[in-house]
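Close look at the chain arrangement
Residues per chain, in single letters:
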Amino acid sequence: MSGLKRHTREEMPESMRETYDWVHRLTGQAAYVEAIASAPELMDFTMNDFYQKIFYEGRCEVRFKELARLRMSLGHGCRSCNLGNSEGARDAGYTDYQIQNIEGDRSVFDDAERAVLALADEMLMTNQQGHMSSELYTELRRHFDDAEILELGTVTSFLGGLAKFLFVFDLAEKEDYCVFRSNAA
């Protein structure tokens, strides 16, 4: 337990309750929302400035960002994120078979999707040697312009940082395979 105050739904500003309900419905818990209620402007930044303006309305198709987001959470072992991100990937048109193969047989994805997955692999917190090789850049550039590549990088870096934040502050359930599990109380 991080020690941060966790607010009940009733203690939260009215503007946060819908987000709380949505997260709780998706994952069975909403510890992040319960804690961030102490600073509602941070929730506003996350939901409006990041998710609404960049993730859902940015330059790059949302389906690619959903795929990268799920790859990131699977790689990090965030159970709460995996539940919500699997739903987001399904909503973006990915099948359960594709979702099951994000970390396996990537031949079920097209070339652009495989490039996005390769970028997400490089951006994982567990990949300390992550690097944008000229081969990866060339493959990404076949499908995306530089602004879209930068957006994908920004999205994956924000999500990786958010995952680290959730783990450090014990605000997300960890999968059994999560390498950050040893820090849990």
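Heads up: the structure comes first, above all this text.
Quick look at the structure, then. (Residues numbered from 1 in each chain as written. Predicted model: local features only at pLDDT ≥ 70, side-chain atom pairs only at ≥ 80, totals over all residues. Heavy atoms only, no water.)

As for the overall build of the protein
Summing up its helical and strand segments, the protein has 9 helices and 0 strands in all. The secondary structure elements of the protein, listed N-terminal to C-terminal, are α-α-α-α-α-α-α-α-α. Here the C-alpha atoms of the protein give a radius of gyration of 17 Å, agreeing with the 16 Å that 2.2 N^0.38 yields for 185 residues. Taken along its principal axes, the extent of the C-alpha atoms in the protein is 50 × 35 × 30 Å. Sorting the 185 residues of the protein into buried and exposed places 45% on the buried side. Partitioning the contacts of the protein with sequence separation of at least 6, the portion at a separation of at least 24 is 62%. (Helix = DSSP H or I, 4+ residues; strand = E, 2+ residues; numbered from the N terminus. Rg over C-alpha atoms; globule rule 2.2 N^0.38 Å. Buried < 20%, exposed > 50% of the residue type's maximum accessible area, 1.4 Å probe, protein only. Contact = heavy atoms within 4.5 Å.)

A closer look at unusual backbone geometry
With phi around 55°, Asp170 is a residue other than glycine that occupies positive phi space. Tracing the backbone shows Asp170 in the segment after helix H9 (146-168). Assessed through its relative accessible area of 24%, Asp170 is described here as partly exposed.

Overview of the pattern of salt bridges
Oppositely charged side chains can pair when the atoms bearing their charge come close. Overall, the coordinates contain 19 salt bridges when judged by the stated rule. Arg69 is the partner of Glu66 in a salt bridge, and the nearest nitrogen-oxygen pair spans 2.6 Å. Here the residue Glu66 and the residue Arg69 both occupy positions in helix H4 (residues 62-76), the gap between them amounting to 3 residues, near one helical turn. For the pair Glu66 and Arg69, a shared accessibility class is recorded, and that class is buried. A salt bridge links Glu87 to Arg90; the nearest nitrogen and oxygen atoms lie 3.7 Å apart. Taken as a pair, Glu87 and Arg90 lie in helix H5 (residues 79-91) at a separation of 3 residues, close to a single helical turn. (Salt bridge = Lys/Arg side-chain N within 4 Å of Asp/Glu carboxyl O.)

Examining the layout of surface pockets
Here the largest pocket defines a volume of roughly 620 Å³. What lines the largest pocket is a set of 33 residues, and nearest its centre among them are Trp22, Tyr51, Arg69, Cys81 and Asn85. Of all the elements in the fold, those that place two or more residues in the lining of the largest pocket are helix H1 (14-27), helix H2 (31-36), helix H3 (40-56), H4, H5 and H9. Residue contributions to the lining of the largest pocket peak at 7 residues, all from H5. Looking at the lining of the largest pocket residue by residue, the classes come out as 19 nonpolar, 10 polar and 4 charged. (1 Å grid on protein atoms, 1.4 Å probe; cavity = no way out; pocket = protein on both sides within 12 Å on 5 of 7 lines; lining within 4 Å. Points joined across faces, edges and corners; volume = space filled by probe spheres on them. Nonpolar A, V, L, I, M, F, W, Y, C, P; charged D, E, K, R; others polar.)

Such coordinate-based values are descriptive only and should not be taken to indicate function.
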